Amino acid sequence: MCASEHKGSDAAPIIEGLPPNRYVRALIVCSVAIGIAWLTTFMAAGSESPDDLFKVLSPVNNLYLTVFIAFVVNWIAFVPAAIYQTEKYFDLTGSITYFSCTLGSLLLGAAPLYDGDSWKFNTRAIVQSCMAFVWCIRLGQFLFSRIKKDSKDKRFDQIKINPPRFFGVWTIQGTWVTMTAICVFVTNSWGRANADKDLCVTDFIGYFVWLVGFTIEVVADGQKKAFAANPDNKGKWIDEGLWYYSRHPNYFGEITLWLGQFIASSATLVDSQWFCVISPLFVFFLLMKVSGVPMLESRGDEKWGSEPGYQLYKKNTHVLLILPKGKATNVDAPLMPAATAV
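### Topic: the overall build of the protein chain
- The number of helices and strands found in the protein chain is 11 helices and zero strands.
- Each helix and strand of the protein chain, ordered N terminal to C terminal, gives the series α-α-α-α-α-α-α-α-α-α-α.
- Counting every position in the protein chain, which comprises 342 residues, the buried fraction comes to 47%.
- The contacts of the protein chain with a sequence gap of at least 6 include a subset with a gap of at least 24, amounting to 75%.

The structure is reproduced here in structure tokens:
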């Protein structure tokens, strides 16, 4: 929504008419989101001495500051979004948050500790940061171009007119960034401390897994975009390319690339820093149980659930993994195993 389409007088009654419990619920949601991010950061900080909290540019302080940046970026972006009641820049802000936090943690982790000291970058941190940069720039551009084409995101129809709830969503995005990329932030924050540790086999396994996941995600998104752009496919579900072997190959790629980031990070993790495994687990849970697969499967069932062809597609195509087709020939056959059972 552009500025000329927004009328401030229309927004005021919405804010003034909100019942008090809306604000209470929003406060609870924000508190829980921030609390989860703080707990994730606390666990991932490892067995650092409490004294490090009082040291400028100590690794643990770098990590907490990085997470703080994640929320600040989203809270700043919320202000114009709430004024103009628009969600157009929500996904783009998510990508900017990833980029800002990754760059911030990389610089903080390599910054001079005292006068006369020099910057000390960690090869491992640089490589993983570049992986994060490539991923967030590509995804941000893809999602932003999609919402520009569609002009709106239906998920926000009732949220963007409710400022407290809208603020909660932007706060949750800060938590999402924290939990998803915590392994990268830890690697970067301890960049100087681990600068003398050479790359090892574990790093290269992680890089390979990330590359496989990123490639799958890019190819799957491109195939779906091309499919939707073809007028002959209007009203049809995609059943070609990677989508022939998986109902959600792009999500499989997303989960895989963050698994790769964690594997690469694991080369230097110690003690409770292994809590960074929450990164791929969180991405899996989010996509499989919350905002990804459940929503798209529900929409698909609403559109084509009564069509035998779609029912067979679901029965013969794994919900997540890229696997050979099943051999069901009738709609009464059981579905392919769910990803959670694999």
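### Details of the packing of aromatic side chains
- Tallied over the full model, the rule gives 22 aromatic pairs.
- Across the ring face of Phe142, the terminal group of Arg138 is positioned such that the distance to the ring centre comes to 5.4 Å.
- In this structure, Lys325 packs its charged tip against the face of Tyr244, placed 4.6 Å from the ring centre.

### A closer look at a nonpolar patch on the surface
- On the surface, Phe99, Leu103, Leu107, Trp119, Phe121, Ile126 and Ile137 cluster together into a nonpolar patch covering about 610 Å² of accessible area.
- Broken down by secondary-structure element, the contributors of at least two residues to the nonpolar patch are helix H4 (90-110) and helix H5 (123-150).
- Broken down by element, the nonpolar patch gets its largest block of residues, three residues, from H4.
- Topologically, Trp119 is positioned in the loop between H4 and H5.

### Some thoughts on the side chain of Thr97
- Relative to the helices and strands, Thr97 is located in helix H4.
- Among the polar contacts listed, one links the side chain of Thr97 to the backbone oxygen of Thr93, at a separation of 2.7 Å.
- Ignoring anything within four residues of it in the chain, the contact list for Thr97 reads Ala70, Val73, Asn74 and Val177.

### Some words on the packing of helix H8 (residues 249-265) against helix H9 (residues 278-290)
- Where H8 meets H9, the axes come as close as 8 Å, and the angle between the chain directions of the two elements is 165°. Classified by the angle between their axes, H8 and H9 sit roughly antiparallel to one another. The way H8 lies across H9 gives a crossing that is right-handed. Of H9, the residues touching H8 (which contributes Tyr251, Glu254, Ile255, Trp258, Leu259 and Phe262) are Ser279, Pro280, Val283, Phe284 and Leu287.
- Considered class by class, the residues forming the contact of H8 with H9 number nine nonpolar, one polar and one charged.

### Brief notes about the pattern of salt bridges
- The tally for this structure, following the rule as stated, stands at eight salt bridges.
- A salt bridge links Glu87 to Lys160; the nearest nitrogen and oxygen atoms lie 3.0 Å apart. With Glu87 in the loop between helix H3 (59-83) and H4 and Lys160 in the loop between H5 and helix H6 (163-189), this pair connects stretches of sequence that are 73 residues apart.
- Here Glu217 and Arg138 are joined by a salt bridge, their closest N and O atoms 3.5 Å apart. Of this pair, Glu217 sits in helix H7 (residues 201-229) while Arg138 sits in helix H5, and the two are 79 residues apart along the sequence.
- Take Glu217: its relative accessible area is 4%, and that puts it in the buried class.
- Each member of the salt-bridge network shares a partner with another, and the members are Arg247, Glu297, Asp301 and Lys314.

### Focus: unusual backbone geometry
- For Gln85, which is not glycine, the phi dihedral falls at a positive 45°.
- Mapped onto the fold, Gln85 is located in the loop between H3 and H4.
- Overall, Gln85 belongs to the buried group, its relative accessible area being 14%.
- Of note in this structure, Asp271 is not a glycine but carries a positive phi near 50°.
- Mapping Asp271 onto the fold places it in the loop between H8 and H9.

### Overview of H8
- With 17 residues, H8 should cover 24 Å at 1.5 Å per step; its first-to-last C-alpha distance of 25 Å lies within 8% of that length.
- In terms of burial, H8 is a largely internal element, 15 of the 17 residues being buried.

### Re the nonpolar core
- In terms of nonpolar packing, the biggest core is built from 42 residues, with Leu63, Tyr98, Trp135, Ile182, Val186, Trp258 and Cys276 touching the most fellow members.
- Counting only elements with at least two residues in this core, the list comes to H3, H4, H5, H6, H7, H8 and H9.
- By residue number, the principal contributor to this core is H6, which donates eight residues.

About the thresholds
- Residues numbered from 1 in each chain as written.
- Predicted model: local features only at pLDDT ≥ 70, side-chain atom pairs only at ≥ 80, totals over all residues.
- Heavy atoms only, no water.
- Helix = DSSP H or I, 4+ residues; strand = E, 2+ residues; numbered from the N terminus.
- Buried < 20%, exposed > 50% of the residue type's maximum accessible area, 1.4 Å probe, protein only.
- Contact = heavy atoms within 4.5 Å.
- Phe/Tyr/Trp six-rings, centres within 6.5 Å; stacked < 30°, edge-to-face > 60°.
- Lys NZ or Arg CZ within 6 Å of the ring centre and 35° of its normal.
- Patch = residues over 30% accessible without salt bridge, like charges linked within 9 Å, V, L, I, M, F, W, Y side chains within 5 Å.
- Areas by Shrake-Rupley, 256 points an atom, 1.4 Å probe, with all protein chains shown as cover.
- Salt bridge = Lys/Arg side-chain N within 4 Å of Asp/Glu carboxyl O.
- Polar contact = N/O pair within 3.5 Å; in protein donor to acceptor, adjacent residues only side chain to side chain.
- Axes fitted to C-alpha atoms, helices over the stretch in contact; angles between N-to-C directions.
- Parallel < 35°, antiparallel > 145°, perpendicular 65-115°, else oblique.
- Left-handed = near helix turned anticlockwise from the far one by under 90°.
- Nonpolar A, V, L, I, M, F, W, Y, C, P; charged D, E, K, R; others polar.
- Expected span 1.5 Å × (residues − 1).
- Core = buried A, V, L, I, M, F, W, Y, C linked by side-chain atoms within 4.5 Å.

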